Amino acid sequence: MSVSWSTIGHKVRLIVSGARRWLGLPDRRPVMVAAVVLIAVLLGAFGAAAGSWVSAHALADLPSEATLADLTRRATGVDAAPIVSRETSPRTAARFATDISLDTGWDPAQARQRHAAAGWSVSPLTVVDDQTSVLYPGDKTISYRYARFTAESNGLIIVVSGGFVADDGVVRLAGWAAGSPAMPALTLAGTALGLITGWLLAATTVRRVRPTHPVHRITVSALTATALLVLAAPAIALYGNLARMLRPHADTSGPVATVHSALTAGPYWSAAPTWLLLGLTVAGCLIAVITLVLTASPITSQRGPGG
(Lines give C-alpha, C1' and ligand atoms only; values in the text may rest on other atoms or scores of the structure.)
Protein backbone atom coordinates (compact mmCIF):
# COMPACT_ATOMS: atom_id res chain seq x y z
CA MET A 1 0.00 0.00 0.00
CA SER A 2 1.46 3.31 -1.07
CA VAL A 3 1.56 6.32 1.20
CA SER A 4 1.06 9.75 -0.30
CA TRP A 5 3.37 12.67 0.40
CA SER A 6 0.44 14.57 1.88
CA THR A 7 -0.08 11.82 4.47
CA ILE A 8 3.58 11.85 5.38
CA GLY A 9 3.57 15.62 5.61
CA HIS A 10 0.50 15.52 7.87
CA LYS A 11 2.18 13.05 10.23
CA VAL A 12 5.34 15.15 10.33
CA ARG A 13 3.28 18.24 11.18
CA LEU A 14 1.56 16.33 13.98
CA ILE A 15 4.92 15.24 15.40
CA VAL A 16 6.32 18.77 15.21
CA SER A 17 3.17 20.19 16.78
CA GLY A 18 3.37 17.67 19.63
CA ALA A 19 7.05 18.40 20.20
CA ARG A 20 6.39 22.15 20.27
CA ARG A 21 3.59 21.61 22.76
CA TRP A 22 5.80 19.58 25.09
CA LEU A 23 8.94 21.65 24.68
CA GLY A 24 7.29 25.06 24.48
CA LEU A 25 7.15 27.39 27.46
CA PRO A 26 3.85 29.05 28.43
CA ASP A 27 5.82 31.74 30.24
CA ARG A 28 8.62 33.29 28.18
CA ARG A 29 9.85 35.83 30.68
CA PRO A 30 13.68 35.91 30.75
CA VAL A 31 13.85 34.74 34.36
CA MET A 32 11.59 31.77 33.58
CA VAL A 33 13.53 30.82 30.45
CA ALA A 34 16.79 31.04 32.40
CA ALA A 35 15.39 28.78 35.13
CA VAL A 36 14.30 26.16 32.58
CA VAL A 37 17.70 26.25 30.86
CA LEU A 38 19.50 25.87 34.21
CA ILE A 39 17.35 22.89 35.15
CA ALA A 40 18.08 21.27 31.78
CA VAL A 41 21.82 21.88 32.16
CA LEU A 42 21.70 20.51 35.70
CA LEU A 43 20.02 17.27 34.66
CA GLY A 44 22.42 17.04 31.74
CA ALA A 45 25.29 16.85 34.24
CA PHE A 46 23.66 14.06 36.22
CA GLY A 47 22.71 12.30 32.99
CA ALA A 48 26.40 12.32 32.08
CA ALA A 49 27.20 10.83 35.50
CA ALA A 50 24.63 8.08 34.95
CA GLY A 51 26.03 7.27 31.49
CA SER A 52 29.56 7.23 32.89
CA TRP A 53 28.53 4.91 35.74
CA VAL A 54 26.87 2.48 33.34
CA SER A 55 29.80 2.53 30.91
CA ALA A 56 32.32 1.98 33.73
CA HIS A 57 30.97 -1.55 34.05
CA ALA A 58 32.52 -2.27 30.64
CA LEU A 59 36.00 -1.76 32.10
CA ALA A 60 38.07 -4.72 33.21
CA ASP A 61 37.90 -5.66 36.88
CA LEU A 62 40.97 -4.81 38.92
CA PRO A 63 42.99 -7.79 40.19
CA SER A 64 42.39 -9.41 43.56
CA GLU A 65 45.06 -9.57 46.26
CA ALA A 66 46.12 -13.06 45.18
CA THR A 67 46.38 -12.01 41.53
CA LEU A 68 48.42 -8.95 42.50
CA ALA A 69 50.84 -11.21 44.35
CA ASP A 70 51.25 -13.30 41.18
CA LEU A 71 51.75 -10.18 39.04
CA THR A 72 54.38 -8.87 41.43
CA ARG A 73 56.17 -12.22 41.40
CA ARG A 74 56.30 -12.09 37.60
CA ALA A 75 57.62 -8.52 37.69
CA THR A 76 60.33 -9.15 40.26
CA GLY A 77 61.15 -12.84 39.95
CA VAL A 78 61.00 -13.02 43.74
CA ASP A 79 58.36 -14.82 45.81
CA ALA A 80 57.68 -12.21 48.48
CA ALA A 81 54.57 -10.47 49.79
CA PRO A 82 54.24 -6.98 48.26
CA ILE A 83 52.81 -3.85 49.84
CA VAL A 84 49.48 -3.31 48.08
CA SER A 85 47.68 0.02 47.81
CA ARG A 86 44.44 0.93 46.04
CA GLU A 87 43.43 4.44 45.13
CA THR A 88 40.13 5.99 44.15
CA SER A 89 39.96 9.41 42.58
CA PRO A 90 37.14 11.96 42.14
CA ARG A 91 38.35 12.48 38.55
CA THR A 92 39.37 9.07 37.20
CA ALA A 93 38.72 5.36 37.52
CA ALA A 94 40.44 3.44 40.31
CA ARG A 95 44.04 2.28 40.21
CA PHE A 96 46.29 -0.02 42.24
CA ALA A 97 49.97 -0.35 43.04
CA THR A 98 52.29 -2.90 44.62
CA ASP A 99 55.76 -2.20 46.00
CA ILE A 100 58.45 -4.62 46.99
CA SER A 101 61.97 -3.89 48.27
CA LEU A 102 64.87 -5.88 46.85
CA ASP A 103 68.49 -6.09 47.93
CA THR A 104 69.60 -8.44 45.18
CA GLY A 105 69.26 -6.13 42.17
CA TRP A 106 66.65 -6.31 39.43
CA ASP A 107 66.85 -7.20 35.76
CA PRO A 108 64.06 -5.30 33.94
CA ALA A 109 64.78 -7.06 30.64
CA GLN A 110 64.02 -10.45 32.21
CA ALA A 111 60.86 -9.03 33.82
CA ARG A 112 59.72 -7.80 30.42
CA GLN A 113 60.45 -11.20 28.86
CA ARG A 114 58.42 -12.98 31.57
CA HIS A 115 55.40 -10.79 30.79
CA ALA A 116 55.77 -11.34 27.06
CA ALA A 117 56.00 -15.10 27.58
CA ALA A 118 52.80 -14.97 29.64
CA GLY A 119 50.93 -13.38 26.73
CA TRP A 120 51.12 -9.72 27.70
CA SER A 121 51.61 -7.04 25.07
CA VAL A 122 54.72 -5.23 26.28
CA SER A 123 56.29 -1.91 25.34
CA PRO A 124 60.00 -1.43 24.69
CA LEU A 125 62.12 -1.18 27.81
CA THR A 126 62.93 2.39 28.76
CA VAL A 127 65.97 3.18 30.89
CA VAL A 128 65.26 6.58 32.36
CA ASP A 129 68.62 6.97 34.06
CA ASP A 130 71.72 4.86 34.17
CA GLN A 131 74.75 6.55 35.69
CA THR A 132 77.66 6.03 38.00
CA SER A 133 78.84 8.62 40.49
CA VAL A 134 81.26 9.02 43.39
CA LEU A 135 79.73 10.37 46.59
CA TYR A 136 82.95 11.84 47.98
CA PRO A 137 86.54 11.91 46.73
CA GLY A 138 88.08 8.58 47.56
CA ASP A 139 84.72 7.04 48.47
CA LYS A 140 83.18 4.06 46.71
CA THR A 141 81.41 4.37 43.37
CA ILE A 142 77.60 4.28 43.44
CA SER A 143 75.53 3.25 40.43
CA TYR A 144 71.92 4.36 40.00
CA ARG A 145 69.46 2.79 37.62
CA TYR A 146 65.78 3.39 36.86
CA ALA A 147 63.89 1.42 34.20
CA ARG A 148 60.28 0.87 33.23
CA PHE A 149 58.00 -0.80 30.71
CA THR A 150 54.25 -1.17 30.26
CA ALA A 151 52.24 -4.33 29.65
CA GLU A 152 48.63 -4.87 28.60
CA SER A 153 46.40 -7.93 28.72
CA ASN A 154 42.61 -8.43 28.79
CA GLY A 155 41.88 -4.73 29.26
CA LEU A 156 44.37 -4.30 32.11
CA ILE A 157 47.33 -1.90 31.91
CA ILE A 158 50.32 -2.23 34.22
CA VAL A 159 53.48 -0.17 34.47
CA VAL A 160 56.48 -2.02 35.90
CA SER A 161 59.29 0.21 37.14
CA GLY A 162 62.27 -0.07 39.41
CA GLY A 163 64.76 2.32 40.92
CA PHE A 164 68.03 1.00 42.38
CA VAL A 165 71.12 2.39 44.04
CA ALA A 166 73.70 -0.36 43.71
CA ASP A 167 71.67 -3.50 44.52
CA ASP A 168 69.15 -1.89 46.87
CA GLY A 169 65.91 -0.54 45.51
CA VAL A 170 62.17 -0.83 45.02
CA VAL A 171 60.18 -2.40 42.21
CA ARG A 172 56.70 -0.95 41.70
CA LEU A 173 53.84 -2.35 39.71
CA ALA A 174 51.07 0.20 39.05
CA GLY A 175 47.96 -0.62 37.08
CA TRP A 176 44.45 0.35 36.01
CA ALA A 177 41.75 -0.69 33.57
CA ALA A 178 42.15 0.35 29.95
CA GLY A 179 39.56 2.72 28.53
CA SER A 180 36.57 1.54 26.52
CA PRO A 181 35.12 3.20 23.38
CA ALA A 182 31.69 2.78 24.96
CA MET A 183 32.48 5.21 27.76
CA PRO A 184 32.34 8.54 25.89
CA ALA A 185 29.44 7.34 23.72
CA LEU A 186 27.26 6.28 26.67
CA THR A 187 28.27 9.33 28.67
CA LEU A 188 27.30 11.73 25.86
CA ALA A 189 24.05 9.81 25.39
CA GLY A 190 23.34 10.23 29.10
CA THR A 191 24.11 13.94 28.82
CA ALA A 192 21.70 14.40 25.91
CA LEU A 193 18.97 12.41 27.66
CA GLY A 194 19.48 14.46 30.82
CA LEU A 195 19.25 17.75 28.92
CA ILE A 196 16.01 16.72 27.18
CA THR A 197 14.50 15.31 30.38
CA GLY A 198 15.43 18.44 32.30
CA TRP A 199 13.82 20.72 29.72
CA LEU A 200 10.64 18.63 29.59
CA LEU A 201 10.44 18.43 33.38
CA ALA A 202 10.97 22.17 33.80
CA ALA A 203 8.47 23.06 31.05
CA THR A 204 5.85 20.74 32.56
CA THR A 205 6.43 22.25 36.00
CA VAL A 206 5.89 25.75 34.63
CA ARG A 207 2.62 24.71 32.97
CA ARG A 208 1.32 23.04 36.13
CA VAL A 209 2.35 25.73 38.56
CA ARG A 210 1.37 28.80 36.54
CA PRO A 211 -2.42 28.63 37.22
CA THR A 212 -2.04 27.71 40.91
CA HIS A 213 -2.35 29.83 44.04
CA PRO A 214 0.33 32.57 44.38
CA VAL A 215 1.60 31.07 47.63
CA HIS A 216 2.04 27.73 45.90
CA ARG A 217 3.90 29.34 42.99
CA ILE A 218 6.23 31.21 45.35
CA THR A 219 6.93 28.04 47.36
CA VAL A 220 7.77 25.98 44.27
CA SER A 221 9.91 28.79 42.86
CA ALA A 222 11.83 29.16 46.13
CA LEU A 223 12.44 25.41 46.41
CA THR A 224 13.53 25.24 42.76
CA ALA A 225 15.99 28.09 43.23
CA THR A 226 17.35 26.43 46.39
CA ALA A 227 17.82 23.10 44.59
CA LEU A 228 19.65 24.83 41.74
CA LEU A 229 22.00 26.58 44.17
CA VAL A 230 22.69 23.42 46.19
CA LEU A 231 23.35 21.29 43.10
CA ALA A 232 25.45 23.90 41.29
CA ALA A 233 28.81 22.73 42.71
CA PRO A 234 28.22 19.01 41.91
CA ALA A 235 27.12 19.96 38.38
CA ILE A 236 30.26 22.04 37.82
CA ALA A 237 32.43 19.12 38.97
CA LEU A 238 30.56 16.67 36.74
CA TYR A 239 30.95 18.86 33.66
CA GLY A 240 34.64 19.30 34.53
CA ASN A 241 35.07 15.51 34.51
CA LEU A 242 33.11 15.29 31.25
CA ALA A 243 35.55 17.72 29.62
CA ARG A 244 38.47 15.56 30.80
CA MET A 245 36.83 12.42 29.45
CA LEU A 246 36.45 13.94 25.99
CA ARG A 247 40.12 14.88 25.74
CA PRO A 248 42.50 12.49 23.94
CA HIS A 249 43.87 9.99 26.43
CA ALA A 250 46.57 7.33 26.18
CA ASP A 251 45.83 4.25 28.28
CA THR A 252 49.45 4.04 29.40
CA SER A 253 49.31 7.57 30.87
CA GLY A 254 46.93 6.65 33.68
CA PRO A 255 43.34 5.64 34.44
CA VAL A 256 40.62 6.92 32.15
CA ALA A 257 38.60 9.94 33.28
CA THR A 258 35.09 9.22 34.55
CA VAL A 259 32.24 11.63 35.20
CA HIS A 260 30.46 9.90 38.08
CA SER A 261 33.65 9.65 40.15
CA ALA A 262 33.18 13.32 41.12
CA LEU A 263 30.43 12.15 43.49
CA THR A 264 32.62 9.67 45.36
CA ALA A 265 33.90 10.59 48.79
CA GLY A 266 37.13 12.44 48.08
CA PRO A 267 38.62 15.93 47.91
CA TYR A 268 37.60 17.13 44.45
CA TRP A 269 38.83 20.59 45.41
CA SER A 270 41.77 20.69 47.81
CA ALA A 271 40.21 23.28 50.11
CA ALA A 272 36.79 21.56 50.24
CA PRO A 273 35.79 18.77 52.66
CA THR A 274 35.67 15.25 51.23
CA TRP A 275 31.92 14.93 51.76
CA LEU A 276 30.98 18.22 50.05
CA LEU A 277 29.86 17.10 46.58
CA LEU A 278 28.13 13.93 47.74
CA GLY A 279 26.43 15.77 50.60
CA LEU A 280 25.24 18.58 48.34
CA THR A 281 23.94 16.04 45.82
CA VAL A 282 21.89 14.19 48.43
CA ALA A 283 20.52 17.44 49.89
CA GLY A 284 19.72 18.88 46.45
CA CYS A 285 17.94 15.69 45.35
CA LEU A 286 15.79 15.72 48.50
CA ILE A 287 14.78 19.33 47.83
CA ALA A 288 14.04 18.44 44.19
CA VAL A 289 11.82 15.53 45.24
CA ILE A 290 9.87 17.79 47.61
CA THR A 291 9.47 20.32 44.79
CA LEU A 292 8.16 17.66 42.40
CA VAL A 293 5.67 16.40 45.02
CA LEU A 294 4.33 19.94 45.49
CA THR A 295 4.15 20.38 41.72
CA ALA A 296 2.18 17.16 41.34
CA SER A 297 -0.33 18.31 43.99
CA PRO A 298 -0.99 21.95 43.10
CA ILE A 299 -3.18 24.31 45.12
CA THR A 300 -5.50 25.83 42.56
CA SER A 301 -6.18 29.53 42.78
CA GLN A 302 -9.90 29.94 43.44
CA ARG A 303 -12.10 33.02 43.25
CA GLY A 304 -14.94 33.78 45.57
CA PRO A 305 -18.56 34.06 44.45
CA GLY A 306 -18.23 37.77 44.09
CA GLY A 307 -14.85 37.58 42.28
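If you're wondering where the values come from, they're calculated on a predicted model, not measured in any experiment.

Calculation rules
Residues numbered from 1 in each chain as written. Predicted model: local features only at pLDDT ≥ 70, side-chain atom pairs only at ≥ 80, totals over all residues. Heavy atoms only, no water. Phe/Tyr/Trp six-rings, centres within 6.5 Å; stacked < 30°, edge-to-face > 60°. Helix = DSSP H or I, 4+ residues; strand = E, 2+ residues; numbered from the N terminus. Buried < 20%, exposed > 50% of the residue type's maximum accessible area, 1.4 Å probe, protein only. Lys NZ or Arg CZ within 6 Å of the ring centre and 35° of its normal. Polar contact = N/O pair within 3.5 Å; in protein donor to acceptor, adjacent residues only side chain to side chain. Core = buried A, V, L, I, M, F, W, Y, C linked by side-chain atoms within 4.5 Å. Contact = heavy atoms within 4.5 Å. Patch = residues over 30% accessible without salt bridge, like charges linked within 9 Å, V, L, I, M, F, W, Y side chains within 5 Å. Areas by Shrake-Rupley, 256 points an atom, 1.4 Å probe, with all protein chains shown as cover. Salt bridge = Lys/Arg side-chain N within 4 Å of Asp/Glu carboxyl O.

(A) How the structure looks around the packing of aromatic side chains. According to the stated counting rule, one finds 2 aromatic pairs in the structure shown. When the ring of Trp106 is compared with that of Phe164, the centres are 6.3 Å apart and the planes differ by 20°; the resulting orientation is stacked. One end of the pair, Trp106, is in the loop between strand S2 (95–102) and helix H4 (108–117); the other, Phe164, is in strand S6 (residues 156–165), with 58 residues separating them in the sequence. For Trp106, a relative accessible area of 13% translates into the label buried. Measuring from centroid to centroid gives 5.0 Å for Tyr268 and Trp269, while their planes differ by 85°, and the two rings are edge-to-face. Above the ring of Tyr268, the side-chain terminus of Arg91 is found at 4.1 Å from the ring centroid.

(B) Quick look at the side chain of Ser52. Here Ser52 lies in helix H2 (residues 30–56). Residue Ser52 is classed as buried on the basis of its relative accessible area, which comes to 0%. Of note is the side chain of Ser52, whose polar atom sits 3.0 Å from the backbone nitrogen of Val259.

(C) Layout of the nonpolar core. By size, the foremost hydrophobic cluster in this structure holds 27 residues, and its most contacted members are Leu59, Leu238 and Val259. Put simply, the parts of the chain that give this core at least two residues each are H2, helix H5 (182–209) and helix H6 (214–246). Residues in contact with Val259, not counting those within four places in the same chain, are Ala48, Ala49, Ser52, Thr187, Leu238, Asn241, Leu242 and Met245. Counting residues in hydrophobic clusters, the runner-up holds 18 residues, among them Ala75, Phe96, Ala151 and Leu156.

(D) Region of the structure containing a nonpolar patch on the surface. Together, Val37, Val41 and Leu195 make up an exposed nonpolar region whose accessible area comes to about 190 Å². Following the sequence through the fold, Leu195 ends up in helix H5.

It is worth stressing that arrangement in space is one thing and function is another; only the former is reported here.
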